[in-house]
Amino acid sequence: MKKSKFVVKYVGDHKKSFILFVAMFLLNLCLCYLYHAPAELPFYWLVLCLLFAGLVVGADFLKYIRKSRILEGMKKEVLYSQENLPVAESLEEEVYQELLEIFDQEVHRLRTEEGKSQQEMMDYYTLWVHQIKTPIAAMKLILQDAEDEKSRELSMQLFSIEQYVELVLQYIRLESIDSDYDFKENQLDIMVRQSVRKYAPLFIRKRLSLNYEPLNCKVLTDEKWFCFVLEQILSNAVKYTEKGSVSIYLEKGEKKILVIEDTGIGIAPEDLPRICEKNFTGYNGRRDKKASGLGLYLSRKVLENLGHGFKIESEPGKGTRVRVFLDAISVEYE
């Protein structure tokens, strides 16, 4: 804060004292006039008062500046501690500091309770996710040898349930402080093929063709989390493509850019800037009524943590192209 602002603020905080000083001087002037005192007496009185007031006000003003700067510094650093507060010099300041201490203790108590409650909730959902995997695995075993149309439909629905469960599990892991990242060089081709293989039944069921070009490059990343992002992108490509194909290739150029392109329904222009927001489903999600609004949100966060980025280009009725930057951090929409 500039000194001029300090002066204005100081005068505003002590205006009663200044008004009282002026009132006392005017009263003294009236008394001198009524009692026919010598003309120089009011002048001497004014000089004496100004000298005394200047010393008192000057010392108090320096103390005011010092105290204000301490508080301003604490505010800029978003740092609050009882020990860092200026020493209380009046009963009023002591009461304020006692109130701050009470508030601080209450905030600490509420944060502790909130953290405990949140941890209990995360533990519950983690346990639920792991327990639900057992009946899912059992149902997959029951249906794996079935050949009739109803069993195949049940298998597809079970696959969707499994993907939603996996999405919840990854969300819980990502929101935790100690996400288990393991960075090393991985073959891009192996990771993409692994993800494509997982969605092969959906490609077959929807009669979608896959245009795949060999991806002969290595990527410094975490295999498990990177595959999670690939699966989310492939899931959206298959879900919103009723006919046509999905293409996967490396973009030509100096930079390593993975492209996953589909011929699906595309994304509305007004939805593009918000598609990576948490819980945002857009027009397609509202129409489909099955979107969670978490897939691309988690993908963005994971890619940021991995040091990658992605760019989404789409046009309604013509499809969507997702470009994953394997050696740069960026998120763009067109």
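Residues numbered from 1 in each chain as written. Predicted model: local features only at pLDDT ≥ 70, side-chain atom pairs only at ≥ 80, totals over all residues. Heavy atoms only, no water.

## Re the overall build of the protein chain
Along the protein chain, the regular secondary structure elements total 10 helices and 8 strands. Split into buried and exposed, the 334 residues of the protein chain put 32% on the buried side. Of the contacts made within the protein chain by residues no fewer than 6 positions apart, 63% connect residues no fewer than 24 positions apart. Of the roughly 21,900 Å² of accessible surface on the protein chain, a fraction of 60% belongs to carbon and sulfur atoms. (Helix = DSSP H or I, 4+ residues; strand = E, 2+ residues; numbered from the N terminus. Buried < 20%, exposed > 50% of the residue type's maximum accessible area, 1.4 Å probe, protein only. Contact = heavy atoms within 4.5 Å. Areas by Shrake-Rupley, 256 points an atom, 1.4 Å probe, with all protein chains shown as cover.)

## Digging into the packing of aromatic side chains
Evaluated as defined, the whole model comprises 4 aromatic pairs. Considering the side-chain rings of Tyr181 and Trp225, the 5.7 Å spacing of their centres and the 40 degrees angle between planes classify their relative orientation as tilted. Remark: Trp225 occurs in helix H8 (residues 223-239) and Tyr181 occurs in the loop between helix H5 (149-175) and strand E1 (184-187); sequence separation between them is 44 residues. A residue is classified by how much of its surface remains accessible, and Tyr181, at 25% relative accessible area, is partly exposed. Of the residues examined, Trp225 reaches a relative accessible area of 0% and is grouped as buried. A centroid spacing of 6.1 Å and a plane angle of 80 degrees characterise the contact between Trp225 and Phe228, whose relative ring orientation is edge-to-face. Remark: Phe228 and Trp225 occur in helix H8; sequence separation between them is 3 residues, near one turn of the helix. Taken together, the ring pairs in this structure connect Tyr181, Phe183, Trp225 and Phe228 into an aromatic cluster. (Phe/Tyr/Trp six-rings, centres within 6.5 Å; stacked < 30°, edge-to-face > 60°.)

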